[in-house]
Amino acid sequence: MAILCAENPSLHDTLTNYNVDLLWHPSLSTATPRELEATIERICAGEQELTVLCVEGAIALGPDGTGMFDSMFGEAKMDIIKRLADRAQFVIAMGTCAAFGGVSAAGCNPTDSVGLQFRQSDPGGLLDPSWRSAGGLPVINVAGCPAHPSSMVRTLVAALLGAPVELDPLNRPAEFFSTTVHRGCTRNEYHEYNVEEKAFGGDGCLFINLGCQGPTTQAICNTELWNGESSKTRAGAPCIGCTAPNFPKPQNLLVTLKVGPIPLSLPLGVKRAKYMAYKGLARDAAPERLQPTAPQAKTAATATAEEVDNG
């Protein structure tokens, strides 16, 4: 449903301006299940054109490779998706679950869930790594939980127009996954001066203590604000890294894992030795206006962070 928040362009404008015949959408369509089944069969028989297939949600392969944990019309959804994918000009995985498996593939993964063409960060999910759509591209992974509305709509428009879509190594559109959430974050300056919050509610950076993954996560959340207004970090919540193939990490998402005082995962492209030396000097140079503003009372999250610090 996040795609309904798209503004530039909106989903309505996209469908109208590009003369899109929306064959089916789980929330917007009024077609009955039998009408949907008939549409699927027409597509698979080559009687109905399918330009773009958008898939949301992980693909369940279980039990025992049958896919029958998730079925429709008496058939495993994984088989229906395979048949549709082979007819589509372009296939887009909308969200991290469809792209990499996401929440459904985390932990012990009892349903054997995967993404369309990735099993978390490993190539090969429902479809082989070598699979290509009729348009010559692998599955386009618009990752996110949920995916950013602008990323979804603009990727959809590019596919409709047959425009080139540059992909990164995870088959995500490079246009939307080349910068980190840290870029444009209002807490950026606090991070540079090592002014880090130990409790929620202040203006300082959330990276060192409160689990923020903004410096390690590639997405446009702080350069194209959600609903044109805000983002997780601007609202005071840490980035949880939802566009990454290993999302969600098997850890407390509100606590930063550290080796001593330094986070286990550093900002992309930063060397550990230089980071430690830099952080040691930056705090002393911080202007007074950047001093922590949140009550530094010991919260449950802070206490847990300290426990992790202390091993």
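Computed from a prediction, not measured in an experiment: that's the story for all the values here.

*Asks:* Explain the overall build of the protein here, please?
*Replies:* Counting its regular elements, the protein contains nine helices and 11 strands. Here the C-alpha radius of gyration of the protein, 22 Å, is about what a compact globule of 311 residues would show, namely 19 Å. The principal-axis extent of the C-alpha atoms belonging to the protein is close to 70 × 45 × 30 Å. Going through the 311 residues of the protein one by one, you find that 46% of them count as buried. A separation of at least 24 residues holds for 65% of the contacts in the protein among residues at least 6 apart in sequence. Just so you have it, the protein exposes about 15300 Å², and 53% of that area is on carbon and sulfur atoms.

*Asks:* Please explain empty space enclosed by the protein as it appears in this structure.
*Replies:* A probe as big as a water molecule, rolled over the atoms, marks out the empty space that is left. Taken as a whole and assessed by the stated rule, the structure comprises two cavities of 30 Å³ or more. Considered as a void within the structure, the largest cavity measures approximately 160 Å³ in volume. Lining the largest cavity are 21 residues, and of these Val-181, Ala-219, Cys-221, Cys-242 and Thr-243 sit closest to its centre. Taken together, the residues of the lining of the largest cavity break down into 12 nonpolar, eight polar and one charged. The calculated volume of the second largest cavity comes to roughly 60 Å³. Lining the second largest cavity we find Val-181, His-182, Cys-185, Arg-187, Cys-205, Leu-206, Phe-207, Cys-212, Gly-214, Pro-215 and Thr-233. Across the lining of the second largest cavity, the residue classes tally to seven nonpolar, three polar and one charged.

*Asks:* What is the right way to look at the nonpolar core in this model?
*Replies:* Soluble, globular proteins show a tendency: their nonpolar side chains are buried together. In terms of nonpolar packing, the biggest core is built from 33 residues, with Leu-53, Ile-59, Leu-84, Val-91, Leu-116 and Leu-126 touching the most fellow members. Of all the secondary-structure elements, those providing two or more residues to this core are helix H2 (33-44), strand S1 (52-55), helix H3 (77-85), strand S5 (90-94) and helix H4 (96-100). Here this core gets five residues from one element, more than from any other, and that element is H3. Each residue touching Val-91, except ones within four places of it in the same chain, is listed here: Leu-53, Ala-85, Leu-116, Trp-131, Ser-133, Pro-138, Val-139 and Ile-140. Ranked by size, the runner-up nonpolar core spans 19 residues in total, among them Ile-3, Ile-92, Leu-137 and Met-152.

*Asks:* Just to check I follow, could you spell out the state of the cysteines for this structure?
*Replies:* As used in these notes, a disulfide is a covalent bond between sulfur atoms, one from each of two cysteines. Under the criterion given, the structure shown has zero disulfides. No disulfide involves Cys-44; its nearest neighbouring cysteine sulfur is the one of Cys-54, lying 16 Å away. Given the relative accessible area of 16%, Cys-44 is considered buried. Counting only cysteine sulfurs, Cys-97 is the nearest neighbor of Cys-54, a cysteine outside any disulfide, at a range of 16 Å.

*Asks:* Could you clarify how one ought to interpret the side chain of Thr-180 in this entry?
*Replies:* By secondary structure assignment, the location of Thr-180 is in the loop between helix H6 (149-161) and helix H7 (188-192). For Thr-180, a relative accessible area of 18% corresponds to the buried category. If we skip the residues at most four places from it in the chain, Thr-180 touches Gly-214, Pro-215, Thr-217, Gln-218, Ala-219 and Leu-268.

*Asks:* Would you take a moment to explain a nonpolar patch on the surface for this structure?
*Replies:* Among the surface-exposed residues, Met-1, Leu-4, Leu-22 and Leu-28 lie close enough to one another that they form a single nonpolar patch of about 350 Å² accessible area. The residue Leu-22 is located in the loop between helix H1 (11-17) and H2 in this model.

*Asks:* For this particular structure, what's the right way to read the confidence of the model for the protein?
*Replies:* When pLDDT drops low, the exact placement of atoms in the prediction is not to be read closely. In this model, the protein carries a mean pLDDT of 91, and residues with pLDDT of at least 70 account for 94%. Across residues 297-311 the pLDDT falls below 50, and counting only partners more than four positions away or on other chains, this stretch makes 18 contacts in the model.

*Asks:* Just checking my understanding: could you explain the layout of surface pockets for this structure?
*Replies:* The space that makes up the largest pocket amounts to roughly 1400 Å³. Lining the largest pocket are 50 residues, and of these Trp-24, Pro-26, Leu-53, Cys-54 and Val-55 lie nearest its centre. Going through the elements one at a time, H1, H2, S1, strand S2 (59-60), H3, H4 and H6 are the ones with two or more residues in the lining of the largest pocket. A per-element tally of the lining of the largest pocket places H3 first, with five residues.

*Asks:* How should the environment of Asn-8 be read in this particular structure?
*Replies:* Looking at where Asn-8 falls in the secondary structure, it is placed in the segment before H1. Expressed as a C-alpha distance, the spacing of Asn-8 and Gly-228, which sit 220 residues apart in the sequence, is 9.8 Å.

Reading guide: rules and limits
Residues numbered from 1 in each chain as written. Predicted model: local features only at pLDDT ≥ 70, side-chain atom pairs only at ≥ 80, totals over all residues. Heavy atoms only, no water. Helix = DSSP H or I, 4+ residues; strand = E, 2+ residues; numbered from the N terminus. Rg over C-alpha atoms; globule rule 2.2 N^0.38 Å. Buried < 20%, exposed > 50% of the residue type's maximum accessible area, 1.4 Å probe, protein only. Contact = heavy atoms within 4.5 Å. Areas by Shrake-Rupley, 256 points an atom, 1.4 Å probe, with all protein chains shown as cover. 1 Å grid on protein atoms, 1.4 Å probe; cavity = no way out; pocket = protein on both sides within 12 Å on 5 of 7 lines; lining within 4 Å. Points joined across faces, edges and corners; volume = space filled by probe spheres on them. Nonpolar A, V, L, I, M, F, W, Y, C, P; charged D, E, K, R; others polar. Core = buried A, V, L, I, M, F, W, Y, C linked by side-chain atoms within 4.5 Å. Disulfide = S-S within 2.5 Å. Patch = residues over 30% accessible without salt bridge, like charges linked within 9 Å, V, L, I, M, F, W, Y side chains within 5 Å. Salt bridge = Lys/Arg side-chain N within 4 Å of Asp/Glu carboxyl O. pLDDT = per-residue confidence, 0-100.

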